[in-house]
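Working through the structure, step by step
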Amino acid sequence: MRHPHPMLPGERIPRRPAPSPFPSPIADKQVRQAYDLVRTSGVLEVLGELESPRPGPDGLPTAVVLTGLFLAARECRSTNIDDAWEIMAFRLSDFWRDFFGLPVVDPADVKGTHAYSRRFYGAWNRITTVLDPARHNRRIRLTNAEATRYSVIWDPTSDDHEPAPCLSEIANRLVLSPVRVAVQRGLLDSWRGDLSVDTTSVPAWAREKTRNRASLEVSAGHHYSGDGTRTFGYSATLLVAGHASPEVSGTYPQLCMGMAVHAPSKQIGPQAVRLLAVSKRMLPRTGYLAGDRAYTDARVESFHQPVRVLGWEPVLDYKKNMIAPKPWLGAIGLAGDLLCPHTPRRALNAYHLMAAQKSSKGRQEVLPLLTEADPYVLPLKQRANAKGDERRQCPAAGTSPKVQCPWAAERDQRPRQQRRTAPHRPVIDLDAPRSRRTHPAAKPVVRVPDKPVHQRPDICRQATIGVPVDLMPKLRQDIPWGRAAWQSAYRALRSHIEGLNGRAKGVDTFLDRPEARQSRGRVAQTLLVAVQLMVENLRTIESYLRERRLWAENNFTLTDITDTPDPHLKYGENDHPPLTAAGEPSTDPPQPG
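Everything numeric here is computed off the predicted structure, so don't read it as measured data.

To continue, consider the sheet that holds strand β12 (residues 464-468). Pairing is antiparallel across the open sheet formed by three strands, whose spatial order is β10-β11-β12. Since the sheet does not close on itself, it has two edges, and those belong to β10 (380-382) and β12, each with one partner. With direction set aside, neighbouring strand axes in the sheet form an average angle of 45 degrees. When strand β11 (residues 389-393) meets β12, the two strands line up antiparallel, connected through five bridges. Its bridge partner lying in β12, Arg391 is registered against Gly466.

Take a look at the structure:
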């Protein structure tokens, strides 16, 4: 865009973003909303502590930069620094310009606007510098050897190590600031704690590395989507509030409950666990957690075990190579189920057929075959003890056996004096479905070979067996895999995370547009993605209220959200007091005159 002010002959035009010649002012309500969300998130206090040891002048307040980025993402569909600078420089009212302490600059003053933009860019550079554990010059392309020294800092081999914990905290404070509004106003009262997790691509505004030179995004990589699409950039792990039961559908907004930007295919499980811990501290509700097959294949100690310790029950899908029998005391461990050793081959093959299906229609067709294995599943007799062993019962044992087995009848035979009496033949009411189902003739008969007692499996010689809970740690699920209940829960939760991905990459949130997020480095990309998801959460809340005709003007003034729980503080502690734009405590947010 050409600047309207004419240049003198020989005068050098400084490199700066050219402001719009006719900027439209932003309403005071929108600015107040953006500033309230930023200040109540607690980001200003965290950054203030990190920036305090730095020498030199303070520069522009951090609140100015973050508020400008929020307004740019909401109004301009961009998180570029030049768009945020233009908004804060030329589109604020006199009240907000005085509140932030910003000077009045004439757009026709080339040198004045250039100096002002340098101050804004310097404030953004200050924020990214204090959060970057591997700071380097991002204006030149390093050699591959030099770039490796910085990339290993971002992607350590240990799953327990997080290279930039303050960056993760600040990003999630921004994302969860609108969520805390929803919590305080009771919009999430109907949510039962079910979540869905997934990773999506975050394209980078940089070229890939060459044979001799690294990319300007030294820690970026190739993200491979489910359809095989390859994207150079980062991966973003997202949590979304969902439901496994259709009873609560539409009773709460489906908000993003956490975000982490990381290298593709690196630390997928640990990143999800960290986000679950943050979500639980903010709203201590746990339910089901759904993820795609990449999370099923994650390491047990870095995903499956911590997820269960935090209180969530995984709802995961399996790959075909995961359907492999694992024997235990004669029983067949298959896809998280423990089956009778004489389960028909037809029922066992149904597990492989179900794993080969990728569509809901195909799974519905295989479902009748898979349900044939249900009577042969060993029911839970007693939950795990202190040693981690639970008791599983033979399906032909107990007061309500599921199958008929000659070996079980021989094992559980009655005393001699009772066997001489005539057997009791119950009367069957053919009009009662329960009587027909419980009759022995309606139960499948187990076909057993002719073997002596000492050659039979342990589960066939005794009514119950002890099974360690970590027998199939990746495959154990509270809802049996592949059944109708599992398909309903998995399909619903997966649709919620795909819906968030679609909204995040839509016209308004533009997560898949690297040209609208041009700052380089993982710190900058993480903060800008957090701002985009922060705006998306706010839009989701507003859409939810409008659909139910609950929208009101007071939704722009969020002065009462400081009482909501802070996910980054311990239980019982209060939230931080509100701050002014300069980072000083304030008892009352600004009111336009």
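Here the narrative resumes.
Glancing now at helix α9 (residues 268-282). Across its 15 residues, α9 extends 22 Å between first and last C-alpha, which sits within 8% of the 21 Å expected from 1.5 Å per residue. Most of α9 sits inside the fold, with eleven of its 15 residues counted as buried. Here α9 has its buried residues at Gly269, Pro270, Gln271, Ala272, Val273, Arg274, Leu275, Leu276, Val278, Ser279 and Met282.

Right, let's talk about unusual backbone geometry for a bit. The backbone of Arg77 shows a phi angle near 55 degrees, a positive value even though the residue is not glycine. In this fold, Arg77 is placed in the loop between α3 (62-76) and α4 (81-90). Of note, Leu329 is a non-glycine position whose phi angle comes to about 55 degrees, a positive value. With relative accessibility at 34%, the residue Leu329 sits in the partly exposed group.

This part covers the sheet that holds strand β9 (residues 337-339). Taken together, three strands build an open sheet; the order of strands is β7-β8-β9 and the sheet is antiparallel. The sheet is open, and its two edges are formed by β7 (326-328) and β9, each paired on a single side. Averaged over all pairs of adjacent strands, the angle between strand axes in this sheet comes to 30 degrees, irrespective of strand direction.

Okay, the pattern of salt bridges next. If you walk through the whole model with that rule in mind, you get 28 salt bridges. The partner of Asp94 in a salt bridge is Arg97, and the shortest N-O contact between them spans 2.8 Å. Of this pair, Asp94 and Arg97 both sit in helix α5 (residues 94-100), separated by three residues, roughly a single helical turn. Taking relative accessible area as the criterion, Arg97 reaches 9% and is therefore assigned buried.

With that settled, consider the pairing of strand β2 (residues 221-224). Pairing of β2 with strand β3 (residues 230-242), which is carried by four bridges, proceeds in the antiparallel orientation. Residue His223 lies in a different strand from β3, and its bridge partner there is Thr231. Linking β2 to β3, which pair antiparallel, is a turn of five residues; within it Gly228 sits at a positive phi near 90 degrees.

Under the definition given, this model contains 14 aromatic pairs. The interplanar angle of 85 degrees and the centroid separation of 5.7 Å between the aromatic rings of Tyr35 and Phe100 together place this pair among those described as edge-to-face. Of this pair, Tyr35 sits in helix α1 (residues 28-40) while Phe100 sits in helix α5, and the two are 65 residues apart along the sequence. Judged on exposure class, the residue Tyr35 and its partner Phe100 are both buried. Seen in terms of ring centroids, Trp96 and Phe99 are 5.4 Å apart; in terms of plane orientation they differ by 85 degrees. Their pairing is edge-to-face.

Extensive coverage of β3 is indicated by the burial of twelve of its 13 residues. Inspection of the sheet shows strand β1 (residues 194-203) paired to β3 by ten bridges, in the antiparallel sense. Bridging from a neighbouring strand, Val202 pairs with Tyr234 of β3. By the bridge criterion, six bridges tie β3 to strand β4 (residues 256-262) in an arrangement that is antiparallel. Note on β4: the bridge partner recorded for Leu239 is Gly258.

In this structure, Val531 sits in helix α19 (residues 522-547). Note on Val531: relative accessible area 3%, which makes it buried. Residues Val531 and Leu69, 462 residues apart in the sequence, show an inter-C-alpha distance of 7.1 Å. In this view, Val531 contacts Leu69, Phe70, Ala73, Thr79 and Leu174; residues no more than four positions away in its chain are not counted.

Taking 1.5 Å of rise per residue, the 20 residues of helix α8 (residues 165-184) would be expected to cover 28 Å, and the 27 Å separating its terminal C-alpha atoms lies within 8% of that figure. Helix geometry: α8 is bent most strongly at Leu176, by close to 40 degrees, with proline Pro178 lying one to four residues after it. In terms of burial, α8 is a largely internal element, 15 of the 20 residues being buried. Once α8 finishes, Gly186 follows within two positions and takes phi at roughly 75 degrees, a positive value.

Let's shift gears to the state of the cysteines. In this structure the tally under the stated criterion is zero disulfides. Unpaired in terms of disulfides, Cys460 finds its nearest cysteine sulfur in Cys340, a separation of 5.7 Å.

Glancing now at the confidence of the model for the protein chain. Scored by pLDDT, the protein chain comes out at a mean of 85, with 83% of its residues at no less than 70. Within the protein chain, helix α15 (residues 416-419) has the poorest average pLDDT of any element, 43, and strand β5 (residues 288-291) the best, 96. Counting interchain partners and residues more than four positions distant, the pLDDT-below-50 stretch residues 415-422 has two contacts. Scored below 50 in pLDDT, residues 556-560 makes 18 contacts in the model with residues more than four places away or belonging to other chains.

The next subject is the side chain of Ser519. Its place among the elements puts Ser519 in the loop between α18 (484-504) and α19. In this structure Ser519 comes out as buried when scored by relative accessible area, which is 13%. The contacts of Ser519, once residues within four sequence positions are left out, are Ile81, Trp124, Glu217, Ala524, Gln525 and Leu528.

With that out of the way, let us pick up the environment of Glu217. Structurally, the position occupied by Glu217 is in the loop between β1 and β2. Along the chain, Glu217 and Ala147 lie 70 residues apart, while their C-alpha atoms are 9.2 Å from each other. In this structure, Glu217 is in contact with Ala204, Ala206, Phe232, Tyr234, Ser519, Arg520, Gly521, Arg522 and Gln525, ignoring residues within four places of it in sequence.

The rules behind these values
Residues numbered from 1 in each chain as written. Predicted model: local features only at pLDDT ≥ 70, side-chain atom pairs only at ≥ 80, totals over all residues. Heavy atoms only, no water. Pairing = 2+ DSSP bridges. Helix = DSSP H or I, 4+ residues; strand = E, 2+ residues; numbered from the N terminus. Axes fitted to C-alpha atoms, helices over the stretch in contact; angles between N-to-C directions. Expected span 1.5 Å × (residues − 1). Buried < 20%, exposed > 50% of the residue type's maximum accessible area, 1.4 Å probe, protein only. Salt bridge = Lys/Arg side-chain N within 4 Å of Asp/Glu carboxyl O. Phe/Tyr/Trp six-rings, centres within 6.5 Å; stacked < 30°, edge-to-face > 60°. Contact = heavy atoms within 4.5 Å. Bend = angle between axes of the 7 residues up to and from the residue. Disulfide = S-S within 2.5 Å. pLDDT = per-residue confidence, 0-100.

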